[in-house]
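Commentary on secondary and tertiary structure
Residue-level listing of the chains:
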Amino acid sequence: MKNIIASIIFISLSIPCLAQFTGNGKIYYERQTNLKMSMKYEWEDEGDDNSWRAAMLEKMPKYQTSYFIMSFNENKSDYVFDKDEETKMPMWGGKGPAKENHAIADYSSKTLLVEKEIYETKFLVADSFKKYTWKIQDEVREIAGYPCRKATTTVCDSVVVVAFYTDQIMVSGGPESFNGLPGMILGLAVPRLYTTWYATKVDLVPFDETQIKEPKKGKKVTSKELEANIGEKLSSWGKYGTSTLWWAAL
Amino acid sequence: MKLKHLLLFALLSLMYFSASAQSYTIKGSVKDTVAYTTTLYTSVSVLNVKDSVLKAFTRADEEGNFLLSVDSPGTYIIIVAHPLFANYIDQIATSGNTTDIGTIGLVSKLQLIQEVVVSDRRAITIKGDTTEYAADSFKVREFDNVDALLKRLPGIEIDKDGNIKAHGQKVQKMMVDGDEFFADDPAMVAKMLRASAVDKVQVFDKKSEQAEFTGIDDGEKIKTINLQLKDNAKKGYFGKIAAGGGTDGFWENQAMINSFKKKRKIAAYGIMSNTNTTGLDWDDSNKYGGDANSTIEMRDDGSMVSYREGSGSDWNDQGLPKTWTAGVHYGNKWLEKDALKFNGDYTFIKNTTEAYNNMRTQYTLPDTQYVNTSVSNSFESNEAHKIGMSSEYKIDSLTDMRVRVSGRTGQAISKSISDVGSTNLAGDAINSSHQQNDNVSQNKSIDASLTLRRKFTKVGRSFSASINTKWTDRESDGHLFTANNFYALGRTDTVDQRKEGKNNSLTFGSKLSYTEPLAKKIFLEVNYSVDVNNNQTATYSYDQIPELGRDTLNQLFSSDYIFNVLTNSIGSNLRFNYEKVNFSFGGNLANASFRQTNNFDNSTLRYNYINFFPRANIRYIRTKQSSVSLGYNGRTRQPTINELQPIRQNNDPLNVMIGNPDLKQEFTHDFNFNANDYKVLTSRWLNMSANYSFTQNAISQTQNVDEAGRRTYQSINVDGNMRGGLWLHYGFKINPLKLNVNLGGSANYNRNNSMINGLKNISNNLAYGPSVGMYFYSDTLLNLSYSINPNYNRNTTSIRPDVVTDYWSLNQSFNGSINLPLRFELGTEIEWFIRQKMDAQDQNNNVFRMNAYVSRAFFKDRSLVAKAAGYDIFNQNIGFSRSVNDNYFMESRYNNIRRYFMFSLTWNFTKSGAMAPAPAMDFSAE
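Each value, and the rule that gives it
- Here the residue index of a chain counts from 1 through its sequence in written order.
- Chain letters start at A and ligand numbers start at 1, both assigned in the order the entries are written.
- Reporting of local features is limited, given that this is a predicted model, to residues whose pLDDT is at least 70; pairs of side-chain atoms are given and counted only at 80 or more, and all residues count toward the totals for whole chains, interfaces and linings.
- Each side-chain value is derived from all of the structure's non-hydrogen atoms; neither hydrogens nor water enter the calculation.
- For helices the rule is a DSSP run of H or I covering at least 4 residues; for strands it is a run of E covering at least 2, with both sets numbered from the N terminus onward.
- Think of it in three bands: residues with accessible area under 20% of the maximum for their type are buried, residues over 50% are exposed, and the middle band is partly exposed, with areas taken using a 1.4 Å probe on protein chains only.
- Here, residues are in contact when the closest pair of their heavy atoms is within 4.5 Å.
- Method for areas: the Shrake-Rupley scheme with a 1.4 Å probe, in which residue coverage is limited to the protein chains shown.
- At least two bridges found by DSSP between two strands are what make those strands a pair.
- Only the six-membered ring of Trp is used, alongside the rings of Phe and Tyr, when aromatic pairs are assigned; centres must lie within 6.5 Å, and planes under 30 degrees apart are stacked while those over 60 apart are edge-to-face, with the rest tilted.
- Placement of a charge over a ring requires the Lys NZ or Arg CZ to be within 6 Å of the ring centre, with the centre-to-atom vector within 35 degrees of the ring normal.
- An axis is simply a line fitted to the C-alpha atoms; with a helix, the fit covers only the stretch in contact. Between two such axes, the angle follows the N-to-C directions and lies from 0 to 180 degrees.
- Put simply, the grid is 1 Å and covers the protein atoms alone, a cavity is a trapped set of points that fit a 1.4 Å probe, a pocket is an open set with protein on both sides within 12 Å along at least five of seven lines, and lining residues have an atom within 4 Å of a point.
- Grid points are joined across faces, edges and corners, and a volume is the space filled by probe spheres set on the points.
- Residues are grouped as follows: Ala, Val, Leu, Ile, Met, Phe, Trp, Tyr, Cys and Pro are nonpolar; Asp, Glu, Lys and Arg are charged; every other residue, Gly included, is polar.
- Patch membership requires over 30% relative accessible area and the absence of a salt bridge. Like charges are linked within 9 Å, and nonpolar side chains (Val, Leu, Ile, Met, Phe, Trp, Tyr) within 5 Å.
- Between Lys or Arg on one side and Asp or Glu on the other, a salt bridge is scored when a side-chain nitrogen of the former is within 4 Å of a carboxyl oxygen of the latter.
- Counting rule applied: Lys, Arg positive; Asp, Glu negative; His and chain ends not counted.
- Here the site of a charge means atom NZ of a Lys, CZ of an Arg, CG of an Asp or CD of a Glu.

Along its length, chain B carries seven helices and 49 strands. The buried share of chain B, reckoned over its 926 residues, is 39%. Within chain B, contacts between residues separated by at least 24 positions form 62% of all contacts whose residues are at least 6 apart in sequence. Roughly 48,900 Å² of accessible area belongs to chain B as shown, and the carbon and sulfur atoms make up 55% of that amount.

Moving on to the pairing of strand 8 (residues 146–155) of chain A. Residue and element names in this part refer to chain A. By the criterion of burial, strand 8 is predominantly enclosed, with eight of the 10 residues buried. Looking at chain direction, strand 7 (residues 135–143) and strand 8 are connected through six bridges and run antiparallel. Across the sheet, the residue bridging to Ile136 is Ala151, located in strand 8. As consecutive antiparallel partners, strand 7 and strand 8 are separated by two residues, and within that stretch Ala144 has a phi angle of approximately 50 degrees, a positive value. Sheet topology note: the strand 8/strand 9 (residues 159–166) ladder contains seven bridges and is antiparallel. If you follow Lys150 over to strand 9, its bridge partner there is Phe164. In sequence, strand 8 turns back onto strand 9 through a hairpin of three residues, with Cys156 there showing a positive phi of about 45 degrees.

Another point: the packing of aromatic side chains. Evaluated as defined, the whole model comprises 31 aromatic pairs over all chains. Relative to Tyr79 of chain A, the ring of Tyr29 of chain A lies with its centre 6.1 Å away and its plane at 70 degrees, an arrangement referred to as edge-to-face. Here Tyr29 of chain A, found in strand 1 (residues 25–34), pairs with Tyr79 of chain A, found in strand 3 (residues 76–84); they are 50 residues apart in sequence, far enough to count as distant. Judged by its relative accessible area of 1%, Tyr29 of chain A falls in the buried class. On the basis of relative accessible area, Tyr79 of chain A is assigned to the buried category, the value being 0%. The rings of Tyr29, Phe68, Tyr79 and Phe81 of chain A are connected pair by pair, giving a single aromatic cluster. The ring centre of Trp324 of chain B lies 5.6 Å from the NZ or CZ of Lys350 of chain B, which sits over that ring. A cation over a ring is seen here: Arg454 of chain B above Phe456 of chain B, with NZ or CZ 5.1 Å from the ring centre.

Residue and element names in this part refer to chain A. In space, the 12 strands of this open sheet follow the order 7-8-9-10-11-1-2-3-4-5-6-12, with mixed pairing throughout. Of all the strands in the sheet, the pair left with one neighbour each is strand 7 and strand 12 (219–221). Each strand of the sheet is rotated relative to its neighbour by a mean of 25 degrees, with strand direction disregarded. As paired strands, strand 4 (residues 102–106) and strand 5 (residues 111–118) are joined by five bridges and run antiparallel to one another. Within the sheet, the bridge partner assigned to Asp106 lies in strand 5 and is Thr111. Each of strand 1 and strand 2 (63–72) touches helix 2 (residues 35–42); the most contacted strand, strand 1, lies at about 55 degrees to it.

Moving on, we come to the layout of surface pockets. Residue and element names in this part refer to chain B. Taken as a whole, the second largest pocket spans an internal volume of roughly 1,200 Å³. Residue lining of the second largest pocket: 45 residues in total, with Glu252, Tyr853, Lys867, Ala869 and Ser904 positioned closest to the centre. At the level of secondary structure, the elements contributing two or more residues to the lining of the second largest pocket comprise strand 16 (234–246), strand 17 (251–261), strand 43 (804–820), strand 44 (824–835), strand 45 (847–858), strand 46 (864–871) and strand 49 (900–914). The element that contributes the greatest number of residues to the lining of the second largest pocket is strand 45, accounting for seven residues. For the lining of the second largest pocket, the per-class residue count stands at 15 nonpolar, 20 polar and 10 charged.

Where like charges cluster on the molecular surface, the positive patch consists of Lys235, Lys261, Lys262 and Lys911 of chain B. Its place among the elements puts Lys262 of chain B in the loop between strand 17 and strand 18 (264–273).

Below, the discussion takes up unusual backbone geometry. Although it is not a glycine, Glu176 of chain A adopts a positive phi angle of roughly 50 degrees. Along the chain, Glu176 of chain A turns up in the loop between strand 9 and strand 10 (184–190). With a relative accessible area of 3%, Glu176 of chain A lands in the buried category. Although it is not a glycine, Asp248 of chain B sits at a positive phi angle of roughly 55 degrees.

The quantities given are spatial measurements derived from coordinates; they are silent on function.
In structure tokens form, the structure reads like this:
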């Protein structure tokens, strides 16, 4: 009996310390793409010689900003598109394929279900967690009030991805399909896509995983099959195709 | 209690070992050695020493114990992290299957911070202000990356691991033009961060993002380097010289150059040819032409529109053209973010066309059919000097102003001789006329406009105001000679007149428009415009009668009118932009009041019309590549002054126009439907469109043909005019063959009401045909394309239901080019028109036109190309056109460019260098 009382006292004392860690909540991400730079890249930069394109670039806004929300607990996370920032976008320069992905991660079975709309086809990519080779870096920065450590990895053979994760969120998840770090990814950057994801706010609220609306409709594939499905087509489209492939692989 | 936990721990360990026997276990525990707070959930990660790759991670339990496993023995880095404690980082080595690293004592952050503050104070060497380095002052080699540059900057150090320190502090953020730059990707560094691409290096202490957002300085600073890139600071020139000479006196010569330095562009070109190369093509006009006449805009719905004014020529394959044209362009940009832009152009153009035309028109009248023939020879020459200027100034990020001024002065000369006559189907002459027309005119015009646009921070709210004015002046001097023979009347007459014409106009217009978001997805647009047009048109005809003196004013065929038109227009449009459905409706109401003053008798006529332009459009967006839209456009059209009261003309005594002051406005209703579905990944697209329109009170014509074959026209209002069209297109790709196939079809129907000799005539025209096209494209070697398009035409009239004009035609075309070894290229272009003969006497109207070329490129950069080309190799390009209209059927034969062979040399030259001392940034390198 004494032992029980002692342990209750012990637990209650440790509560303020335990609050430093969390296993559930809601993260608000802001995704920003430097439109001008990515257009320049996709157009294989004909630069000043092509005055028409230069004039178009001039009329475009510098950034395209979208918002995503990720709800998570230690079992599952649900990353969904929320909204776009209201900016005047060129019709075709607007959102390309795989820009409003819906990702559901299951941390107990280590599986991922991602809904990706790539042109006319809605894909449901169901696969086990990808094995990322994360390199842990020295740099630490604060994102949404959490100290985050930098880690890097590569996707699609050579595309570098920079992530900032926090130990204080004890779920090894992140935006899009990224995971596998000793904490939650609050910041993500893919330099070659001129795009960053940064958490702007973390709400420590409980998350009921039964609320996840699992996408049902779509072409069911694994990530390998997805690549086979679109790879051949897109690889013949020059740099625009390449960057679309990268987007689809996130 | 302690024992229980140990037991549990041992049990867990056992379970773990049984699960994966091959792994090497690292265990230990973390403890707060000062305050003994719990270390539960402390994160423990293990990395490779050589590349920092994460191997394993876990969380400590209540007691601070942790257990990890790695797949191979060796040395690892361990990181222990807890928000209350300073990070613990150490190297550990495995020993045997299980390595116990013992207890790690964690140090509270509170303790640490005191220490850091002390060390910080010592480290600070610079405060506040930005230190800026001009990159060009520090010499680096041509292809050095930016780190080579940074190393040379005093106060900046780079250690062997690539860490950058500025003024003794580690640089935490690197930015490019204000954007965070992650240098982790080597490809990106090579692509973007050539030292030579950098204009300025700025070192400063960046406030935390929160502080920047709230404006409240929380004291947190991050050492930051910002690299300001150069604006593609290139310097150099490129150009092209092409010279070609051919058989039968054909020639084609071009020279163009574009020289650029920073943002300044000076370009010049000259072209002379008699092969239908009348100006810069689209590609060349981008490089060498001016921007003064081209506009690019993004509309509210996000569509980009670009248009170029006054480009191209209207040469339509008839006659033999000759062109001389030359132009100079200057463009530059100034101020920050290129806020001020200026473009100026000067162009000279001269073209002449010698044309011969033999036209046969068969008319269908209630009781007869007769044939009109016309043989004419004409020469036209146009010469003009044009200048254009445009300037754009961004006053601030929300406001911009644009000014355009253009002027033109030129001379047009035209001469024609024609013989016109009518016969009945039996070949008996009804009338004939010999006509000679000479005219020389001088034209001048000035055009100016000013536009001011303002956006607001509220999304969707915008305002724009524009004013424009145009002045034109035309003076002409001509001579008309006609000798007419009316066989049926047994009468002849002759006109021999000198004609002077004067036409000048001054217009002034202004427009205001405003857009307001009523709700998040609902926008209201309102616009108002007023236009004033003052126009004077005078024609003086002088009879050349020797007995009465050479220049006797002919009152009947002289006129002098002043027109004033005032138009006020007000409109509004409501737009609903939902994700899946866009809907808009609105309209414009315009009041146009005319005043026509006859300067001969000072009589005045006034007309006033209110015009209405309703419109509605709905679009359903199923997916990004698939949508359906339905639209309606209505418009009223007021009669023109010429339809109400035409100026009396005697240029063509066989066709006379008379006015109808009782004309009413016509109202046209247009409906259109469009559906498209594009499957990007499978390269399949389907497009379908349909349109239908009908006109109430349509302004049509009544024709009266007298027994002498003279026709008088008068505009009248009719009902029942309508037209409809259908268009279908389906394209797909046969993947293994790399073959793209297009299947399509179109059908058009047209019903027109008119009066002929007092009888109502309904003319129905139907044309339809399928089309098939295919192309094969292998980008470096072979390109082939082929299309076939049969077309059926049928025309009937109610006044002669017995006469039906129907015929088939078939168009085929083939294009191919192949790259051969030794830099040879071979290409051909074939067009083959087959037209059904109308009757047994009909001559051969088929055309088989084949062009072919062989070219070879010289030099390593293929800058010199020699080309031998043949145009219309089989000399089959007969000038022929056929059209069916209302109550006549017309065929025309004309002279045009026929077979010739040409040899040409084209040299593309380029010299490009960056501004000293380093070369330009290179985006294309990866």
